[in-house]
Amino acid sequence: MEVFSIDPVSGRMYVTRPMDREERASYHLRAHAVDMNGNKVENPIDLYIYVIDMNDNRPEFINQVYNGSVDEGSKPGTYVMTVTANDADDSTTANGMVRYRIVTQTPQSPSQNMFTINSETGDIVTVAAGLDREKVQQYIVIVQATDMEGNLNYGLSNTATAIITVTDVNDNPPEFTTSTYSGEVPENRVEVVVANLTVMDRDQPHSPNWNAIYRIISGDPSGHFTIRTDPVTNEGMVTVVKAVDYEMNRAFMLTVMVSNQAPLASGIQMSFQSTAGVTISVTDVNEAPYFPTNHKLIRLEEGVPTGTVLTTFSAVDPDRFMQQAVRYSKLSDPANWLNINATNGQITTAAVLDRESDYIKNNVYEATFLAADNGIPPASGTGTLQIYLIDINDNAPELLPKEAQICEKPNLNVINITAADADIDPNVGPFVFELPSVPSAVRKNWTITRLNGDYAQLSLRIMYLEAGVYDVPIIVTDSGNPPLYNTSIIKVKVCPCDENGDCTTIGAVAAAGLGTGAIIAILICIIILLTMVLLFVVWMKRREKERHTKQLLIDPEDDVRDNILKYDEEGGGEEDQDYDLSQLQQPETMDHVLNKAPGVRRVDERPIGAEPQYPIRPVIPHPGDIGDFINEGLRAADNDPTAPPYDSLLVFDYEGSGSTAGSVSSLNSSSSGDQDYDYLNDWGPRFKKLADMYGGGEED
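Residues numbered from 1 in each chain as written. Predicted model: local features only at pLDDT ≥ 70, side-chain atom pairs only at ≥ 80, totals over all residues. Heavy atoms only, no water.

1. Looking at the overall build of the protein chain
- When helices and strands are tallied, the protein chain shows 6 helices and 37 strands.
- Among the 700 residues that make up the protein chain, the fraction classed as buried is 31%.
- In the protein chain, the share of contacts with a sequence separation of at least 24, taken over all contacts with a separation of at least 6, comes to 64%.
- Counting only carbon and sulfur atoms, one obtains 53% of the accessible surface of the protein chain, whose full area is about 44500 Å². (Helix = DSSP H or I, 4+ residues; strand = E, 2+ residues; numbered from the N terminus. Buried < 20%, exposed > 50% of the residue type's maximum accessible area, 1.4 Å probe, protein only. Contact = heavy atoms within 4.5 Å. Areas by Shrake-Rupley, 256 points an atom, 1.4 Å probe, with all protein chains shown as cover.)

This is the structure:
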């Protein structure tokens, strides 16, 4: 490390640079003695060099800020915290021996020396009583550490900050801000806050030492009220949890007590202000009438006559201190069997009650009634009346099935009969089945055998019965008191059967009651109907053929009767033409034409002048004169200055007094020589007359 050097002649050792004990406290060296030739003259020796400490390092605290806490009201000598400072110098000497002391305390209340510190260990403890969080919540203490055993004249020092927080203990009981509270609540209301109780607690807010717990210690034996704590304001909210009745209690006088969530500190007593009185007034409201027995059940026999008094279904108005009248009405009466007296609630029958009705469920008829008072506002209550109907024997039994079939010869094929009764036991089976004595043919042809209380078998008594439909009356009697009977008619189809005992097709028709004459009549009607349909089809085909033949004789292009002709549209009409159509209208007078200058006129306007004379067609034209007639008319039209058209493109919108022109266009054609019109004979019968006029000149 080249820290030391040695004189080779004298053997003196030197240090080459300053020594730092805190860097290295000792060195272990080995020295050798040799002659000029380098030969060992004696054995090497070990040299131990120790660096002597000097006070060149200040004490250093581990933390510059220390945090500690102590409960308020702690006794003197209570441990608070420990501060620690280290000195790099030799701790075995005064250079490294650190001592502690408190320099300042802030605030200096209630005493300037509330804490002390152990000079050697650095433990901070209380030295005086009177710590009160409600007065001083935190102390700041400056601690000094000095080496040289605390000698301020020679030692080096350093400081640190100790923050001591005074923690809260429940040394302040909660106290009501007033001794009495009052509130008001309507009757029959729940979850209503009646009053807010305010308290004052000087302990730390929102801590168990501050959170209030309220209790009702007297005045509410039935448990109508509870007090809940507002977590934000710490107020007590007196709340109704069980409805109060004005007629039972008009007011409540409660005694309440408040305490903290945490128990009070040792030696702290409850304040007399931790108890208060709460007066709660109950206000009367109009309560609905109620039926004391709801649902009310009565029992009676069915079939009681109309107007029978069944019971009195009355309601009670709980408002004893209000002079009110109760009125009754029906709310639900499905069968409309009941009436209720509007003033006293007496129930009477409006119709006969029938247990077998569809409105009865499990022998019970249910109706609902309404009771309403005349309070402000009016209130109403409902009550249900259940009527259990006791069965009486008022329904005769019936037989099933109503229709059956059986073979015309007796065999194992029998008819099973079932009796049904709408009543219930004991007004039902066992049933008695029998055949009537009149007519006598019933017992002669049929026999009935009872199987058990509800079933019987009907079968043929004779060996053969003609196929057909027979009405077999059967008398069935129930076991009621008195018993009821009923004569039921069963339609029995008697038919021939095959070897399996099933009716044949022919037999089924015969059994349906249709004789031979009826079957023949049905067949004749079917044949007539088919003949009429065939004739109608033949007539339709013939008519279609005639219409087709008639269409062949007439050229569809020449037959214009009853046809709709469509022409190609040449433009969009007047709506999309940007023309002044007023100039094209036919004038009512000719003044504007007569007043024009000579030689000036519109080319689409009819000129004014003498009209030429056109040749008159002879009444009975000769075929040879047709050419002369056409030529003369053509010549007159060519020389007629007033003949239209006046222009090649005309758009008209005038449909007034008519046209003054003699024809719609002029003919500018000529004919040379005679023309042969014999081809008109090939055009068919419609052109026969024209062919005779112009083509058949031999006869004329």
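2. Examining the state of the cysteines
- Using the criterion set out here, one finds 1 disulfide in the structure.
- Two residues share a disulfide in this structure: C407 and C497, whose sulfurs sit 1.9 Å from each other. Around the S-S axis, the bridge from C407 to C497 shows a dihedral of about -105 degrees and counts as left-handed. Taken as a pair, C407 in strand β31 (residues 403-407) and C497 in the loop between β37 (485-495) and α2 (505-511) lie far apart in primary sequence, 90 residues in all. (Disulfide = S-S within 2.5 Å.)

3. What to know about unusual backbone geometry
- The omega torsion of the bond from L400 to P401 falls at 0 degrees, within 30 degrees of zero and hence cis.
- Mapped onto the elements, P401 comes out in the loop between β30 (398-400) and β31.
- In this model, N481 is joined to P482 through a cis peptide bond whose omega is 0 degrees.
- A positive phi angle, close to 70 degrees, is found at N363, a residue other than glycine.
- As for its position among the elements, N363 is in the loop between β27 (346-349) and β28 (364-373).
- Given a relative accessible area of 18%, N363 falls into the buried group.

4. Comments concerning the sheet that holds strand β26 (residues 338-340)
- Taking strand neighbours across the sheet as the criterion, the 3 strands line up as β24-β27-β26 in an open arrangement whose pairing is antiparallel. The open sheet has two free edges, formed respectively by β24 (309-312) and β26, since each of these has just one partner strand. With strand direction ignored, the average angle separating the axes of adjacent strands in the sheet is 25 degrees.
- As judged from the 3 bridges shared by β24 and β27, these two strands associate in the antiparallel manner. (Pairing = 2+ DSSP bridges. Axes fitted to C-alpha atoms, helices over the stretch in contact; angles between N-to-C directions.)

5. As for the pattern of salt bridges
- Taken as a whole and judged by the stated rule, the model has 11 salt bridges.
- Taking the shortest distance from any N to any O, the salt bridge between R21 and E22 comes out at 3.4 Å.
- Exposure remark for R21: the relative accessible area of 17% places this residue in the buried category.
- Between D333 and K330 there is a salt bridge, with the nearest N and O atoms lying 3.1 Å from each other. (Salt bridge = Lys/Arg side-chain N within 4 Å of Asp/Glu carboxyl O.)

6. Some thoughts on the pairing of strand β20 (residues 236-240)
- Burial of β20 is extensive: 4 of the 5 residues sit out of reach of the surface.
- Relative to β20, strand β16 (residues 193-197) runs antiparallel, the two being bridged by 4 bridges. By the bridge assignment for β20, A195 is matched with V238.
- Sheet topology places strand β19 (residues 225-229) next to β20; 5 bridges connect them, and they run antiparallel. Looking at β20, one finds that T226 is bridged to T239.

7. Comments concerning helix α5 (residues 626-638)
- Here α5 is 13 residues long and its end C-alpha atoms lie 18 Å apart, about the 18 Å a rise of 1.5 Å per residue gives.
- For α5, the set of buried residues is I626, G633, L634, A636 and A637. Considered in projection along α5, the buried side chains sweep an arc of 165 degrees and stay on one side of the axis.
- Contact partners of the buried residues in α5: α6 (688-694). (Expected span 1.5 Å × (residues − 1). Arc of directions from axis to C-beta.)

8. A short note on the packing of aromatic side chains
- Scanning all chains against the criterion turns up 12 aromatic pairs.
- Taken together through their ring pairs, the aromatic side chains of F291, F313, Y328 and F369 make up a single cluster. (Phe/Tyr/Trp six-rings, centres within 6.5 Å; stacked < 30°, edge-to-face > 60°.)

9. Some points on the sheet that holds strand β23 (residues 296-301)
- The sheet built from 4 strands is open, its strands ordered β23-β29-β28-β25 with mixed pairing. Each end of this open sheet is capped by a strand with a single partner; those strands are β23 and β25 (326-332). Each neighbouring strand pair of the sheet contributes to a mean axis angle of 30 degrees, computed without reference to strand direction.
- Sheet topology places β28 next to strand β29 (residues 380-390); 9 bridges connect them, and they run antiparallel. Bridge pairing in β29 places Y365 opposite I387.

10. Here's the deal with a nonpolar patch on the surface
- Together, L529, V533, F536, V537, W539 and M540 give the surface a local cluster of nonpolar side chains, amounting to about 590 Å² of exposed area.
- Locating L529 in the fold gives a position in helix α3 (residues 516-553). (Patch = residues over 30% accessible without salt bridge, like charges linked within 9 Å, V, L, I, M, F, W, Y side chains within 5 Å.)

11. A closer look at the nonpolar core
- Counting 24 residues, the largest nonpolar core has F61, V83, Y100, F115, I124, V143 and I164 as its most contacted members.
- Where this core is concerned, the elements lending two or more residues are β6 (65-71), β7 (79-82), β10 (115-117), β12 (138-146) and β13 (157-167). (Core = buried A, V, L, I, M, F, W, Y, C linked by side-chain atoms within 4.5 Å.)

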